[in-house]
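Structural characterization, general
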Amino acid sequence: MTEKKDTNGYLDMELLRFTTAGSVDDGKSTLIGRLLYDSKSIFEDQIEAIEKAGRNQGKSEIDLALLTDGLRAEREQGITIDVAYRYFATPKRKFIIADTPGHIQYTRNMVTGASTANLAIILIDARNGVIEQTLRHAYIASLLQIPHIVVCINKMDLVDYDEAVYEKIKKQFESFAPKLEVRDIKFIPISALKGDNVVEPSENMPWYRGTTLMYLLENIYIKGDYNHTDARFPVQYVIRPQSEEFHDYRGYAGRIDGGIFKVGDKIKVFPSGLESKIKSIDTLNEKLDFAFAPQSVSITVEDDIDISRGDMIVKPDNLPVQSQDITAMISWFNERPLQVRGKYTLRHTTNEVKCIIQEVKFKMDINSMNKNTEDKEIKMNDIGKIKIKTAKPLFFDAYRKNRNTGSFILIDDITNETVGAGMIVTDKA
Amino acid sequence: MNNYHLNHLRELEAESIFVFREVAAQFDNPVILFSGGKDSIVMFHLARKAFYPAKVPIPLLHIDTGHNFEETIKFRDNLVEKYGVKLYVGSVQKTIDEGKVREETGYNASRNVLQTTTLLDAIEEHKFDAAMGGGRRDEEKARAKERFFSHRDEFGQWDPKNQRPELWNLFNGKKRMGEHFRVFPLSNWTELDVWQYIYMEDIEIPNLYFTHKREVFERDGVLLATAPFMTLKPNEKPEILDVRCRTIGDITNTGLTRSKADNLKDIIDEIAAERTTERGQRFDDKRSETAMEDRKKEGYF
Ligand SMILES: Nc1nc2c(ncn2[C@@H]2O[C@H](COP(=O)(O)OP(=O)(O)O)[C@@H](O)[C@H]2O)c(=O)[nH]1
Ligand SMILES: [Mg+2]
């Protein structure tokens, strides 16, 4: 899309969403504080506020972690208890950070933060090297199919900026990386506290030839992160103005979850199987010739066919899987364990169906990455592979192929809580 | 492939439109909280986009403290008329008159906290099941943990420790009778994004945002407008300055910025160079570091 206005280039800015993972005290909050501080994204009144809060806690120098540790309970306990979102921008990109806590009991927060991220920063304390938690974080990043991973080996100042320490940790990580499904892994030695290799290149580590973290965040190629191959349009809402001007207008509104749709394209609608052609793609500003993921548009079709929320518009030569039998990896969020034979509401794209859990295939031992087929009870913060039967067919892709049409949540019908997040596995992928 | 890429504002726009449509689909009786400030104006613009070419099917609710800039009310009424949307007004004055809350006294008296009661009453009276607000996560630390779809119990309260996980673009708006949701379509926008977007889209905003001459006085480092219901301390001297609003709210706590910016480009340059947050200019947030969190738990915007 081209924009006409003179705007100092900010209309060419891209959006990058990233998440941070690490164990407690590895320096996540400090790193985020450092990124914000060194990129001058922190305002004077915020600095004043954290200086004051620091003084109340009896600290002398400014504690960057306080910038992100927001809620009162966290302040008091000095930990991050829930996903917090942070924002900053450079002339190149706008960044959205999902700051997620590292405690074992909060796996659900990392999964949540990871679900929308293009990139994950995994922090390792240089003094501790790769620990169980690191494996857990790397596994979750891979399970959630975050396209890019940056392993930051932090607190290099506490190991004399020693190259050997960095190399050893890098090798440790690489030794289990083949078990993961990650396309892009990079390593950077940093000190979040002192600022080495975060925004400014480190003078203390001349042996490191790579880029700073900020350079990477600003330049890593993300245009390929959306699926522009498989056209998928879940219908979200039907627009019927019933005005004189738009008398018979029926617009199918939604957000494109994959691929590209052009005016004149042949389309097929699930579940009816009916076919038609795209007549127009409408937005308030203009009529479009084509639209692509992740745009929100309204589509009209040539023929008068019945289409409603929860249906999916695709192209006849590239179909999603249609089935009532779903196999998926599930991440469990609730104190009440997953009930085999239990019934839940499953929300997938804009579709909602009842489902029953048929079987737990295995529970993942995330720390060793082994499959446990003995103890198969999926409790809070567990991850496992399950089989589900839905009351009506879903139209989906493997999560690996499309993060939107391959994901779902489970809702408890009594409490209405979101109890689990699923990533669909198919035979092919 | 280069063609198939959105800039950051278009991507935020697509996300917000998605949220609007999701609200229209998942709730029976949603409402848009409209203050007349730039965030609610941008929200309404996004709502128009979400439902085009139909009219916005969601009514507006203005919680009126009675302490308004005149221009805000005019702007609101024009917008309602122009786009044919329904407007509800919840009056803080009425809440006070009914004896449900007591007006603060003293120099820093503000009706800001009182709005919560009026808002919850309006939600209950009209049986709104989703109230859409222009809150952004970049505004304040307590908001940084807020969900797009934020569940409220039957007392309208927020439990920050027990929020529903929110993954991908799957929003769970299920609730029991009497409960409601607060929904924040602008969650991922920053102040600068909002301004850039207003410029990019040529969105009409009240003149208060541009430079104008106004009688103001300084209190604790913040410039406030003089008004009949504001009592000046003996040492506070009103003077006429070139100012503009960075946020528009209740007159008693809307800080003004000295500025000669008379167009959006200049405003954007000013914001980009700013060294304080817009909330820093809100009088009420200065009260304590966790002021916002405490108010939000009670059911504030
Ligand atoms: N020496 C040193 N200390 C660090 C570094 N990064 C973080 N810390 C300290 O480690 C402690 C935990 O940091 P914090 O950011 O709160 O960790 P989080 O629990 O991962 O958010 C704090 O005392 C930080 O000052 C670093 O690069 N070097
Ligand atoms: Mg932390």
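Residues numbered from 1 in each chain as written. Chains lettered and ligands numbered in written order. Predicted model: local features only at pLDDT ≥ 70, side-chain atom pairs only at ≥ 80, totals over all residues. Heavy atoms only, no water.

This part is about the sheet that holds strand β6 (residues 180-183) of chain B. Residue and element names in this part refer to chain B. An order of β3-β2-β1-β4-β6-β5 is seen for the six strands of this open sheet, with the pairing classed as mixed. A single partner strand is all that each edge strand has here, and the edge strands are β3 (87-91) and β5 (149-152). Pairwise comparison of adjacent strand axes, ignoring direction, gives a mean angle of 30 degrees for this sheet. Summarising the sheet, strand β1 (residues 30-33) and strand β4 (residues 130-132) pair through three bridges and their orientation is parallel. Each bridged residue has a counterpart across the sheet, and for Val 31 the counterpart in β4 is Ala 131. (Pairing = 2+ DSSP bridges. Helix = DSSP H or I, 4+ residues; strand = E, 2+ residues; numbered from the N terminus. Axes fitted to C-alpha atoms, helices over the stretch in contact; angles between N-to-C directions.)

This model, assessed by the stated rule, comprises 43 salt bridges over all chains. The salt bridge partner of A:Arg347 is A:Glu352, with a shortest N-O separation of 2.6 Å. In this structure, A:Glu352 engages B:Lys174 in a salt bridge whose closest nitrogen and oxygen atoms are separated by 2.8 Å. Of this pair, A:Glu352 sits in strand β19 (residues 351-365) while B:Lys174 is found in the loop between β5 and β6, placing the two residues in two different chains. (Salt bridge = Lys/Arg side-chain N within 4 Å of Asp/Glu carboxyl O.)

Looking now at the domain arrangement of chain B. Residue and element names in this part refer to chain B. Segmentation of chain B into domains returns domain 1 (8-192 + 290-297) and domain 2 (206-286). Each of domain 1 and domain 2 has a C-alpha centre, and these two points are 23 Å apart. Of the residues lining the interface, 28 residues belong to domain 1; the matching set on domain 2 comes to 29 residues. The largest contributions to the domain 1 side of the interface with domain 2 come from His 67, Phe 69 and Tyr 107, which together make up 32% of the buried area. For the interface between domain 1 and domain 2, the tally reads two salt bridges. Ionic pairing is found between Glu 71 and Arg 214, a salt bridge with its closest N-O pair at 3.3 Å. Run the count over domain 1 and domain 2 and you get five residue pairs in polar contact (both at pLDDT 80 or more). Going through the elements one at a time, α2 (38-51), α3 (70-83), α6 (191-201) and α8 (291-298) are the ones with two or more residues in the side of domain 1 that touches domain 2. Residue composition of the side of domain 1 that touches domain 2, grouped by class: eight nonpolar, eleven polar and nine charged. (Domains from an automatic or database assignment. Contact = heavy atoms within 4.5 Å. Buried area = accessible area lost by both parts, 1.4 Å probe. Polar contact = N/O pair within 3.5 Å; in protein donor to acceptor, adjacent residues only side chain to side chain. Nonpolar A, V, L, I, M, F, W, Y, C, P; charged D, E, K, R; others polar.)

Applying the stated criterion across every chain yields a total of 26 aromatic pairs over all chains. An angle of 70 degrees between the planes, with centres 5.4 Å apart, marks the rings of A:Tyr237 and B:Phe51 as edge-to-face. Here the residue A:Tyr237 occupies a position in strand β8 (residues 237-239), and B:Phe51 occupies one in helix α2, the pair thus bridging two chains. Here B:Trp195 and B:Tyr209 contribute two aromatic rings whose centre-to-centre distance is 5.3 Å and whose plane-to-plane angle is 80 degrees, an arrangement assigned as edge-to-face. Residue B:Trp195 is found in helix α6, and its partner B:Tyr209 is found in the loop between α6 and β7 (212-219); the two are separated by 14 residues along the sequence. Through a chain of ring-to-ring contacts, three or more aromatic side chains come together here, namely B:Phe18, B:Phe27, B:Phe148, B:Phe149, B:Phe171 and B:Phe181. Lying over the aromatic face of B:Tyr88, B:Lys86 brings its terminal NZ or CZ to 4.8 Å of the ring centre. In this structure, B:Arg137 packs its charged tip against the face of A:Tyr85, placed 4.0 Å from the ring centre. (Phe/Tyr/Trp six-rings, centres within 6.5 Å; stacked < 30°, edge-to-face > 60°. Lys NZ or Arg CZ within 6 Å of the ring centre and 35° of its normal.)

What follows is about the site of ligand 1. All names here are of chain A. Inspection of the region around ligand 1 gives 16 residues, with Asp 25, Lys 28, Ser 29, Thr 30 and Asp 157 positioned closest. Residue Gly 27 places a main-chain N or O atom 3.0 Å away from an oxygen atom belonging to ligand 1. In the environment of ligand 1, an oxygen atom lies 3.1 Å from a nitrogen or oxygen atom belonging to the side chain of Lys 155. When isolated, ligand 1 has an accessible area of 580 Å², and the protein chains bury 79% of it. When residues in the shell around ligand 1 are grouped by element, the largest group, three residues, is from helix α1 (residues 28-38). The residue inventory of the shell around ligand 1, partitioned by class, reads five nonpolar, six polar and five charged. (Near = heavy atom within 4 Å. Areas by Shrake-Rupley, 256 points an atom, 1.4 Å probe, with all protein chains shown as cover.)

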